[in-house]
Amino acid sequence: MKYKDLNFKNSWKNYLNSELSEDYMIELFSFLDEEKKKGKVIYPEVSDTFKAFDECSFDDVKVVILGQDPYHGEAQAHGLSFSVPKEIKLPPSLRNIYKEIEDDLGVKMSKNGNLLSWAQQGVLLLNSVLTVEKSMAASHQKKGWESFSDHVIQTLNDQKEGLVFVLWGGFAKKKGKSIERSKHLVLEGHHPSPLSAYRGFFGCKHFSKINSYLREQGQSEIDFIIK
């Protein structure tokens, strides 16, 4: 499968398929296909590039958790921000997310780092940049993905009401500046990475705040427990 053949299969297609025809996306997909031709290893797998959208349709989005780049270690990235396949060791940021969930909600999390169940309940696990070269952190920044994810955020902001946007760290906060606070709940805080988690991520209670807001909106809560 080539990147140029990617498209959206569910209700996202009504909002995003046309964006794939924009010049910057054509150039981005051409760059990615050329990199693959050169033998570069790119994460996640091509078929998982839009996994966040495949598993959480536009109609179902209730919460957006914004990450920056996919994990660049072998077999870690699978298309959902902060998530890893079940058999992969928890990365440090995800380990801290689990610790905050345990402290906030009083539950016990497993060592399974696959957040697919969140996506299937309406959590869009969106990275700002959707691809990365193996062992090369941030290698696909400024290639076009940032413009695409800006378009996704703006579309959600404009077309829906009562969403929760979760912005951890300075990068995510800048991405979320255009979100209308009068229409949506925006939760901002420090990034869960070991470098910043103790500066305010721990104790943010974002997970209980998400569910409290969803209840107020008459929507079902997210079951954040991973088993």
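Residues numbered from 1 in each chain as written. Predicted model: local features only at pLDDT ≥ 70, side-chain atom pairs only at ≥ 80, totals over all residues. Heavy atoms only, no water.

Draft legend 1. Expanded view of the overall build of the protein. Across its full length, the protein carries 8 helices and 6 strands. Its helices and strands taken in sequence order, the protein reads α-α-β-α-β-α-α-β-β-α-β-α-β-α from the N to the C terminus. By the compact-globule yardstick of 17 Å for 227 residues, the protein fits well, its C-alpha radius of gyration being 17 Å. The C-alpha extent of the protein, read off along each of the three principal axes, is 50 × 35 × 30 Å. Burial analysis of the protein (227 residues in total) assigns 54% to the buried set. Of all intrachain contacts in the protein linking residues separated by at least 6 positions in sequence, the fraction that spans at least 24 positions is 68%. (Helix = DSSP H or I, 4+ residues; strand = E, 2+ residues; numbered from the N terminus. Rg over C-alpha atoms; globule rule 2.2 N^0.38 Å. Buried < 20%, exposed > 50% of the residue type's maximum accessible area, 1.4 Å probe, protein only. Contact = heavy atoms within 4.5 Å.)

Draft legend 2. The packing of helix α4 (residues 92-105) against helix α8 (residues 206-216), seen in detail. Close contact between α4 and α8 brings their axes to 8 Å; oriented N to C, the two are set at 60°. One way to sum up the angle between α4 and α8 is to call them oblique. For the pair formed by α4 and α8, the contact residues are I97, E100, I101, D104 and L105 on the first element and H206, F207 and S208 on the second. (Axes fitted to C-alpha atoms, helices over the stretch in contact; angles between N-to-C directions. Parallel < 35°, antiparallel > 145°, perpendicular 65-115°, else oblique.)

Draft legend 3. Region of the structure containing the packing of aromatic side chains. Scanning the entire structure with this criterion turns up 20 aromatic pairs. Ring geometry for F50 against F148: centres 5.9 Å apart, planes inclined by 25°, an arrangement best described as stacked. Separated by 98 residues along the polypeptide, F50 in the loop between β1 (42-43) and α3 (51-55) and F148 in helix α6 (residues 145-159) bring together distant segments of the chain. Each member of the pair, F50 as well as F148, is classed as buried. Residues Y198 and F202 carry aromatic rings whose centres are separated by 4.8 Å and whose planes lie at 70° to one another, so their mutual orientation is edge-to-face. Members of the aromatic cluster, joined through ring pairs, are F8, W12, Y15, F29, F50, F53, F58, W145 and F148. Geometry around F31 places K143 over its ring, the cationic atom sitting 4.7 Å from the centre. Lying over the aromatic face of F58, K160 brings its terminal NZ or CZ to 4.8 Å of the ring centre. (Phe/Tyr/Trp six-rings, centres within 6.5 Å; stacked < 30°, edge-to-face > 60°. Lys NZ or Arg CZ within 6 Å of the ring centre and 35° of its normal.)

Draft legend 4. Structural view of unusual backbone geometry. Cis geometry marks the peptide bond from Y43 to P44; its omega dihedral reads -10°. Considering the arrangement of structural elements, one finds P44 in the loop between β1 and α3. A positive phi angle, close to 60°, is found at A138, a residue other than glycine. The topology assignment puts A138 in the loop between β4 (132-133) and α6. A relative accessible area of 34% means that A138 is categorised as partly exposed. Backbone geometry places K205, a non-glycine residue, at a positive phi of 55°. As for its position among the elements, K205 is in the loop between β6 (185-189) and α8. The partly exposed category is assigned to K205, whose relative accessible area is 41%.

Draft legend 5. Up close: the nonpolar core. Counting 71 residues, the largest nonpolar core has F53, W118, L124 and F148 as the members making the most contacts within it. Contacts of L124, omitting those with residues within four sequence positions, involve W12, A52, F53, C56, V61, V63, V64, I65, V152 and L156. (Core = buried A, V, L, I, M, F, W, Y, C linked by side-chain atoms within 4.5 Å.)

Draft legend 6. Quick look at the sheet that holds strand β5 (residues 164-168). Across the sheet, 4 strands lie side by side as β3-β2-β5-β6; this open sheet has parallel pairing. Since the sheet does not close on itself, it has two edges, and those belong to β3 (123-127) and β6, each with one partner. If you compare each strand with its neighbour and ignore which way they point, the axes differ by 15° on average. One ladder, built from 4 bridges, connects strand β2 (residues 63-67) with β5; its direction is parallel. Looking at the pairing, I65 lines up with V166 of β5. Set on the sheet, α6 makes contact with β2, β3 and β5; between it and β3 the angle comes to about 150°. (Pairing = 2+ DSSP bridges.)

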